[in-house]
Amino acid sequence: MEKAVTIGTFDGVHRGHRLVLDTLKREASLRGLQPVAITFDRHPLELVAPERAPGNLTTTARKAELIRLEGVEPLILPFTEQLREMRAYEWLDYIHRKYDVALLVAGYDNTFGSDGIDMSIADYKAMGDAIGIEVISAPEEEGVSSSAVRKAVKSGDIVKAKSLLGHLPEIEGRVIAGYHVGHEIGFPTANLQVSQRTLIPATGVYAALAYVEDAATGIPAMVNIGLRPTFEGTGMESSHLTIEAHIIGTDDDLYGKNIRLEFADRIRDEKKFSSVEELKVQLGKDREETLRTIND
C-alpha cells in the first residue's frame, strides 16, 4: 500500500507534533494512503554534534508508542552517517522507492537532507514533483516545540511542560540498589537509573504516576530528584543526581524492573533538614500533597 509520511525527531510527541500527525491522517485518508511517521533512533545532533545534542524527553520505544496511539504507524530508522550525508533529493527519492511514499506532509519548520537547511517548502515540492511525491505543509502550533518543552522540564515547570505537551512529561529507567535510607525511615523508594541522554527535571520533590514494567495503570508516587542534602557527611549523601520514587501503597520488590514516571506537578524545592525526624515529618506532608495532586 502506498504511504503518506511525515518526517521528524518527534521527541516528546507534543501538541505541535500531534497537529502534524492529525494533518497526515486526514490527508492520507483522502487519498487512500497509509499514514506513517518516519523518525530516528536518536536525535541527529547525537551524531552530527554530540556536545550540542539535547536531552531526550522520551525514549525511542516510548516515542513510537505515543505516535501509534495517535493512529499513525511509526517507522524508526537508524540515524547513520550514510543517512546524514544524503542530499534532500536523494532522501526523497530513497523513501519513494524504498517505502512506496506518495505523499509527504512537512511540518512548518521541517528540513531534511544534508543540503536542506536553506530550502523552502517550494523547493521540496519541486523535487517531489520530479520524483513522484506530492509535498504539502502542515499548520503550525504556535509557541510549541520540543525546545520549549525541554526548557520547561529542565526548570521544573511541570505545569507549562504539560500544557505544551498535551500530556504529562516523563522519564523512564531501571530500578537499581540504593542506600535503603527511605526504607529505614518509613518511605521506601525505588532508585531509578536513566539513560545519560534523558532530560531530567530540576531538583525537587514531585507528584507523579509510576508505571511499573508494562502496567496500564499508574500508581501515585512521590519523587525526589537531588543529592540527599540532609544526609551530608553521613556517608549516605549522593555525589550525583539521584531519582528516588516512593511509590505509595506498594512495598513490592522492584529491583531490575523498568519504571516510567509521569510528572503531575512539582511540590517543593529540595531542602536540607536539621534532623531525620524533621525530614520524616516533611515527607509525610509531601505524600499527602502528592495524593491530593494526583487525585485532583
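**Section: unusual backbone geometry**
Excluding glycine, a negative phi dihedral is what most residues carry, and trans is how most peptide bonds are arranged. One non-glycine residue, Asp100, adopts positive backbone phi at about 60 degrees. When its relative accessible area of 33% is taken as the criterion, Asp100 is described as partly exposed. Although it is not a glycine, Glu213 adopts a positive phi angle of roughly 55 degrees. Structurally, Glu213 is set in the loop between β8 (204-212) and β9 (219-226).

**A short note on the side chain of Arg18**
Locating Arg18 in the fold gives a position in helix α1 (residues 15-31). Contact partners of Arg18, with chain neighbours within four places excluded, come to Val13, Glu70, Leu165, Gly166 and His167.

**As for the environment of Glu262**
Secondary-structure assignment places Glu262 in strand β11 (residues 258-268). For Glu262, a relative accessible area of 10% translates into the label buried. Not counting residues within four places of it along the chain, the set of residues in contact with Glu262 comprises Arg62, Leu168, Pro169, Glu170, Ala207, Ala208, Leu209 and Tyr211. Within polar-contact distance, the side chain of Glu262 engages the side chain of Arg62 at 3.3 Å.

**A short note on the packing of helix α5 (residues 88-99) against helix α6 (residues 121-131)**
Across the interface, α5 lies against α6 with an axial gap of 10 Å and an inter-helix angle of 45 degrees. One finds that α5 runs oblique with respect to α6. Where α5 crosses over α6, the two elements pack in a sense that is right-handed. Residue-level contacts link Ala88, Tyr89, Leu92, Asp93 and His96 of α5 to Tyr124, Met127, Gly128, Ala130 and Ile131 of α6. For the contact of α5 with α6, a count of residues per class yields seven nonpolar, two polar and one charged.

Rules and cut-offs
- Residues numbered from 1 in each chain as written.
- Predicted model: local features only at pLDDT ≥ 70, side-chain atom pairs only at ≥ 80, totals over all residues.
- Heavy atoms only, no water.
- Buried < 20%, exposed > 50% of the residue type's maximum accessible area, 1.4 Å probe, protein only.
- Helix = DSSP H or I, 4+ residues; strand = E, 2+ residues; numbered from the N terminus.
- Contact = heavy atoms within 4.5 Å.
- Polar contact = N/O pair within 3.5 Å; in protein donor to acceptor, adjacent residues only side chain to side chain.
- Axes fitted to C-alpha atoms, helices over the stretch in contact; angles between N-to-C directions.
- Parallel < 35°, antiparallel > 145°, perpendicular 65-115°, else oblique.
- Left-handed = near helix turned anticlockwise from the far one by under 90°.
- Nonpolar A, V, L, I, M, F, W, Y, C, P; charged D, E, K, R; others polar.

Without other data, these values stay purely geometric and don't point to any function.
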